[in-house]
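Structural description and commentary
Here's the letter readout for the chains.
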Amino acid sequence: MRTEQPKMIYLKDYQAPEYLIDETHLTFELFEDHTLVHAQLLMRRNPERGAGLPPLVLDGQQLELLALSMDGRELLAGDYQLSDSHLTLQPLAANFTLDSSVRIHPESNTALEGLYKSGSMFCTQCEAEGFRKITYYLDRPDVMSRFTTTLSAEQHSYPVLLSNGNPIASGPEEGGRHWATWEDPFMKPAYLFALVAGDLWCIEDTFNTMSQREVALRIYVEPENIDKCQHAMDSLKKSMRWDEEVYGREYDLDIFMIVAVNDFNMGAMENKGLNIFNSSCVLAKAETATDAAHQRVEAVVAHEYFHNWSGNRVTCRDWFQLSLKEGFTVFRDAEFSADMNSRTVKRIEDVAYLRTHQFAEDAGPMAHAVRPDSFIEISNFYTLTVYEKGSEVVRMIHTLLGAEGFRKGTDLYFQRHDGQAVTCDDFIKAMEDANGVELTQFKRWYSQGGTPRLQVSEAYDAASKTYTLSFRQSCPATPGQAQKLPFVIPVELGLLDGKGRALPLRLAGEAKAPGETRVLAVTEAEQSFSFVDLAEKPLPSLLRGLSAPVKLGFPYDRDQLMFLMQHDSDGFNRWEAGQQLAVQVLQELIGQHQRGEKLLLDQRLVAALRTVLADQQLDQAMVAEMLSLPSEAYLTEISESADVDAIHTAREFARQQLAEALFAPLWQRYQANRELSRHSEYVAEAAHFARRSLQNIALSYLMMSEKPEVLGACLEQYEACDNMTERLAALAVLVNSSFAEEKSKALAAFAEHFKDNPLVMDQWFSVQAGSTLPGGLERVQQLMQHPAFTLKNPNKVRALIGAFAGQNLVNFHRADGAGYRFLADLVITLNALNPQIASRQLAPLTRWSKYDAARQALMRAELERILASGELSSDVYEVVSKSLA
Ligand code: B3K
Ligand code: ZN
């Protein structure tokens, strides 16, 4: 809890540290009711900051100081000043050793930051500023130090003692205790420190690096989960190989460890040599984890592993530079997943996510640039903008420079900055220097927030066979940024002739066409490009693969979109054309509903999807993606003012109509795929993911008919399948149906069978939280009483509360405001328990400006109530106060 007035921190105030810490020697004595931490810091004056000896100001929170000495001389109360957040003292020489002993209480740490207990094990989470809850320190990423760590604990309960680096010694102690010492040879900031103590089992493997060094690989879990680690291990080895092949990056320690913990605020953490993971991002086997969960494990294992270079070897100078490591590493993991699975499908999923959620953040009160220029609480800036938009910014550099140029840039970046704490400007500088280009204007992507709009118009001149595309870019104001300067927007495009063939793309003034797809860089507020040699007016395929994170406007009519859906040589844009067609059709239905008219579905959507379903050549995952209508959340994001009920009614109506019209082909494809599932073993590979995804979306449409044969098929799949992907999909379909008896039977059987598996129970909660049938809030409130639910576990909060408020829009936004009241009450409770989780759950309330006046008033009233509810954490305070500003 905050004890000082929350204060805004600015990038422009950055100053290098006054002191450095060359060596950090830590000793932890772990007990059930407290922990003792002894720190010996070898410190010196930072020569960059001049000669004098200013006071040393160490960070420290919730620490009970037991002893303090400098160069062996004990310091007494008058020798230093203590506040809630700092310890200040006066060094007497440029080089000195500081020893401190503190007592902390991991056993009652519910914020899950610093050292805490997850179940019976001790673990840590230090990024961004959690190390200051462990000991007094210069807790900032530009202070890098060499760490040795000794842990001591009772041997029977904590047989495994881990920290960063390599194990160098261990032994027994009196009283049934034992100890172990770890040494990390690499300089690192405190946020990468980690410690684990527990009764853990591990699976082991090895990896031979490109220079033929053997690295030991270990994944530690609680004993009951030892059968769910292989997929993570396979993913780790693939990641290590991929980073060597694609980036030339080799692993650098003799051992790499992953530990799975149940109580964790985020997905995982890249601590040097000792990654700590939310168990949801490690554990996966067919019977308990869906295809999506398998893919998430693969992606997160890769992401954290890739941080070893993009984050650890080269780290951030300050937290404003967070996207330096996060945007880059998300880009790296996305490319890895694209290489391991289907590239087009991966891009579709990422774009749908970005446009639904990051664009919404960019349009709300918490909007900020990829490199923010101020914050109150850094934990609030682990955002979709820093991660996902940050990754898009790196992707644009890759698009502009090409794969080879990009690789030259990353080689230079890693070589030039190895062992340093640097900035986003340093990253760009390496790209510039390695390629002999200038990216000054491009850097506006780091400093300006908001989603740019790119409006495109066309003109064709038959006489000169010239086709001109005119681009106009603009960017809405965001908090603190009224005016925006033009961005560099890479637009990847192609042109189609009347038969759907790709045309050569020669710009006026060019000797010849470089190809049939190319990238134009739009750099001005208004800019035109003329293509020549075009005997007929072409149809443009614009912004392929979403080559820039912008909102594109082009006046396509529905027939043109249907044409692109069938003929575009770019798979991503075939999907995109289908989405735009569906958006137009759904917006028409929304209008009909609002005017009280009878709903009439444009049959062209039916025809387009019929063609897609009949296409046996098309990747089944693409068929599934194209059958998925834009989500209610996306329809909300693109509305000026969102009408929750109209959006829901229109979308459900369209699904119902499609289900009826396409029953036969859906049934055929469902049965064919279920038949294959029934006769093959579960395999976590793209072709199998594809088959199951089409099977499951087909089932969800088919069930809208409520025909007995479909119910029969659904129950057969639910009961007879051998994997969680099919089982959960069948359960979700039942939960959203009106077959009350079958539904409650299936839910009860599922809970009984999986009651001892918390990750599976999370899915059981989510499926119910997402059901848009009436009474959603009451169901969620009742589920909170279920013995498997607890507010102390972040996964449970996300599975039930997060899924309800974030995805079940009709129920959360019910007109009487009960959904808002419920969420505000929860945030107030969570604020005292776990500020980071409380603050995250607030997001849906911050989107109030999207809704009608009555809902706006209700949402704002709840934000006001939270603000007035007593002492708020800086996390919750920042989000609430900015949302009301
Ligand atoms: N770097 C961590 C995130 C830490 C969040 C701290 N509140 C995980 C990741 O992005 O890899
Ligand atoms: Zn990361």
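Treat the numbers as computed from the prediction; the structure is a model and nothing was measured.

Some words on the coordination of the zinc ion (ligand 2)
Coordination of the zinc ion (ligand 2) by the protein comes from H303 (NE2), H307 (NE2) and E326 (OE), over a distance range of 1.9 to 2.1 Å. One chain supplies every donor to the zinc ion (ligand 2), and in sequence these donors are spaced H-x3-H-x18-E. Residue H303 is located in helix α2 (residues 291-306), and its partner E326 is located in helix α3 (residues 322-340); the two are separated by 23 residues in the primary sequence. Relative accessible area serves as the criterion here: at 7%, H303 is assigned to the buried category.

A word on the sheet that holds strand β31 (residues 539-541)
Pairing in this open sheet of three strands is antiparallel, and the strands run β29-β27-β31 from one edge to the other. Each of the sheet's edge strands pairs with one partner strand only, and the pair in question is β29 (518-522) and β31. Taken pair by pair, the neighbouring strands of this sheet meet at an average axis angle of 40°, ignoring direction. In this structure, strand β27 (residues 489-496) lies alongside β29, joined through five bridges in antiparallel fashion.

A closer look at empty space enclosed by the protein
For the structure on display, the rule yields five cavities of 30 Å³ or more. Considering only enclosed or pocket space, the largest cavity measures out at about 40 Å³ in volume. Every element with two or more residues in the lining of the largest cavity is listed here: α9 (571-594) and α10 (603-614). For the lining of the largest cavity, the element with the most residues is α9, which contributes four residues. Residue classes in the lining of the largest cavity are distributed as eight nonpolar, three polar and no charged.

With respect to the UniProt feature "domain: Peptidase M1 membrane alanine aminopeptidase" (unreviewed entry) in the chain
The residues that UniProt annotates with the feature "domain: Peptidase M1 membrane alanine aminopeptidase" (unreviewed entry) are residues 232-445. Span residues 232-445 is 56% helix and 9% strand, its end C-alpha atoms 34 Å apart.

As for the nonpolar core
If you look at the biggest cluster of nonpolar residues, it comprises 280 residues, and the most contacted ones within it are F531 and L731. Looking at this core element by element, the count peaks at 10 residues for helix α5 (residues 384-417). Taken domain by domain, this core gets at least three of its residues from each of domain 1 (9-199) and domain 2 (343-551). Not counting residues within four places of it along the chain, the set of residues in contact with F531 comprises K465, T466, Y467, L469, L493, L495, L505, R506, L507, R518 and L520.

Here's the deal with the pattern of salt bridges
Opposite charge on two side chains permits them to pair, given that their charged atoms come into close proximity. Here the structure, examined in full by the defined rule, presents 66 salt bridges. A salt bridge links E113 to K133; the shortest N-O distance between them is 2.9 Å. Linking E113 in the loop between β9 (95-104) and β10 (114-118) with K133 in the loop between β11 (121-125) and β12 (145-154), this pair joins segments that are 20 residues apart in sequence. Across the pair, K133 and E113 agree in class, each one buried. Of the charged contacts, one joins E716 and R674 as a salt bridge, the two residues approaching to 2.9 Å between their closest N and O atoms. Taken together, the residues span a long stretch of sequence, with E716 in helix α16 (residues 708-720) and R674 in helix α14 (residues 663-678) at a distance of 42 residues. Owing to a relative accessible area of 25%, E716 belongs among the partly exposed residues under this scheme.

Examining the site of ligand 1
Not every one of the 14 residues close to ligand 1 is listed here, only the nearest: E127, A268, E270, E304 and Y387. E304 is positioned such that a nitrogen or oxygen atom in its side chain is 2.7 Å from an oxygen atom of ligand 1. Contact distances for ligand 1 include 2.9 Å between an oxygen atom and a side-chain N or O atom of E326. Residues that form the shell around ligand 1 fall into these classes: six nonpolar, three polar and five charged.

Re helix α20 (residues 776-783)
Among the residues making up α20, those that are buried are G776, L777, V780 and L783. For α20, the buried positions fall inside an angular range of 125° around the axis, keeping them on one side. Where α20 is buried, its residues contact α19 (758-769), α21 (794-807), α22 (809-812) and α23 (818-833).

With respect to the environment of D291
Structurally, the position occupied by D291 is in helix α2. Along the primary structure D291 and N208 are separated by 83 residues, whereas in three dimensions their C-alpha atoms are 29 Å apart. Setting aside residues no more than four positions away along its own chain, D291 makes contact with Y682, H688, F689, R692 and T725.

Topic: the domain arrangement of the chain
Partitioning the chain into structural domains gives domain 1 (9-199) and domain 2 (343-551). Relative placement of domain 1 and domain 2: their C-alpha centres are 43 Å apart. Contact with domain 1, which involves 10 residues of that partner, is made by 12 residues of domain 2. In total, domain 1 and domain 2 occlude about 760 Å² of area from one another, counting both sides; carbon and sulfur atoms represent 60% of this. Area buried by domain 1 at its contact with domain 2 is led by I9, L11 and M144, which between them contribute 54% of it. Across the domain 1-domain 2 interface, the total number found is zero salt bridges. On the surface where domain 1 and domain 2 come into contact, there are three residue pairs in polar contact (both at pLDDT 80 or more). Grouping the amino acids of the side of domain 1 that touches domain 2 by side-chain chemistry returns six nonpolar, no polar and four charged.

Observations regarding the UniProt feature "domain: Peptidase M1 alanyl aminopeptidase Ig-like fold" (unreviewed entry) in the chain
Following the UniProt record, one finds the feature "domain: Peptidase M1 alanyl aminopeptidase Ig-like fold" (unreviewed entry) at residues 450-552. As annotated, residues 450-552 has a helix share of 0% and a strand share of 44%, and its two end C-alpha atoms lie 14 Å apart.

Considerations on the sheet that holds strand β17 (residues 201-208)
Taken in spatial order, the five strands of this open sheet run β17-β18-β19-β21-β20, and their pairing is mixed. This sheet does not close on itself; its edge strands, each paired only once, are β17 and β20 (268-269). Two elements, β17 and strand β18 (residues 214-221), share eight bridges in a ladder whose sense is antiparallel. Pairing of F207 across the sheet is with V215, part of β18. Running at roughly 25° to β17, helix α1 (residues 230-247) makes contact with β17, β18 and β19 (255-261) of the sheet.

Observations regarding the packing of α14 against helix α15 (residues 686-702)
Describing two packed helices takes the angle between their axes plus the distance from one axis to the other. For the pair α14 and α15, the least separation of the axes is 8 Å and the interaxial angle reads 135°. One element, α14, and the other, α15, form an angle in the oblique class. For the pair α14 and α15, the crossing hand works out as left-handed. Only R691, R692, L694, Q695, A698, L699, Y701 and L702 of α15 make contact with α14, whose side of the interface consists of F663, L666, W667, R669, Y670, N673, R674, L676 and S677. Taken together, the residues of the contact of α14 with α15 sort by class into 10 nonpolar, three polar and four charged.

Digging into the packing of helix α8 (residues 558-567) against α10
For the pair α8 and α10, the least separation of the axes is 11 Å and the interaxial angle reads 5°. Considering their axes alone, α8 and α10 lie roughly parallel with respect to each other. From α8, R558, D559, M562, M565 and Q566 reach across to α10, where they touch R604, A607, A608, L609, T611 and V612. Of the residues that constitute the contact of α8 with α10, the class distribution is six nonpolar, two polar and three charged.

Comments concerning the packing of aromatic side chains
Inspection of the entire model under this criterion finds 41 aromatic pairs. Arranged with centres 6.2 Å apart and planes meeting at 75°, the rings of F131 and F147 form a pair that is edge-to-face. Here F131 is found in the loop between β11 and β12, whereas its partner F147 is found in strand β12, with 16 residues between them in sequence. Taken as a pair, F131 and F147 share a single burial class, namely buried. Each ring, one from F147 and one from F193, has its centre 6.0 Å from the other, and the planes form 25°; the classification is stacked. Of this pair, F147 sits in strand β12 while F193 sits in the loop between β15 (177-188) and β16 (195-198), placing them 46 residues apart in sequence. Residue F147 is classed as buried on the basis of its relative accessible area of 2%. For F193, a relative accessible area of 0% corresponds to the buried category.

Conventions we followed
Residues numbered from 1 in each chain as written. Chains lettered and ligands numbered in written order. Predicted model: local features only at pLDDT ≥ 70, side-chain atom pairs only at ≥ 80, totals over all residues. Heavy atoms only, no water. Donors = N, O, S within 2.8 Å, 3.2 Å for Na, K, Ca; no water. Helix = DSSP H or I, 4+ residues; strand = E, 2+ residues; numbered from the N terminus. Buried < 20%, exposed > 50% of the residue type's maximum accessible area, 1.4 Å probe, protein only. Pairing = 2+ DSSP bridges. Axes fitted to C-alpha atoms, helices over the stretch in contact; angles between N-to-C directions. 1 Å grid on protein atoms, 1.4 Å probe; cavity = no way out; pocket = protein on both sides within 12 Å on 5 of 7 lines; lining within 4 Å. Points joined across faces, edges and corners; volume = space filled by probe spheres on them. Nonpolar A, V, L, I, M, F, W, Y, C, P; charged D, E, K, R; others polar. UniProt positions renumbered as here; feature names shortened; annotations may be inferred. Core = buried A, V, L, I, M, F, W, Y, C linked by side-chain atoms within 4.5 Å. Domains from an automatic or database assignment. Contact = heavy atoms within 4.5 Å. Salt bridge = Lys/Arg side-chain N within 4 Å of Asp/Glu carboxyl O. Near = heavy atom within 4 Å. Polar contact = N/O pair within 3.5 Å; in protein donor to acceptor, adjacent residues only side chain to side chain. Arc of directions from axis to C-beta. Buried area = accessible area lost by both parts, 1.4 Å probe. Parallel < 35°, antiparallel > 145°, perpendicular 65-115°, else oblique. Left-handed = near helix turned anticlockwise from the far one by under 90°. Phe/Tyr/Trp six-rings, centres within 6.5 Å; stacked < 30°, edge-to-face > 60°.

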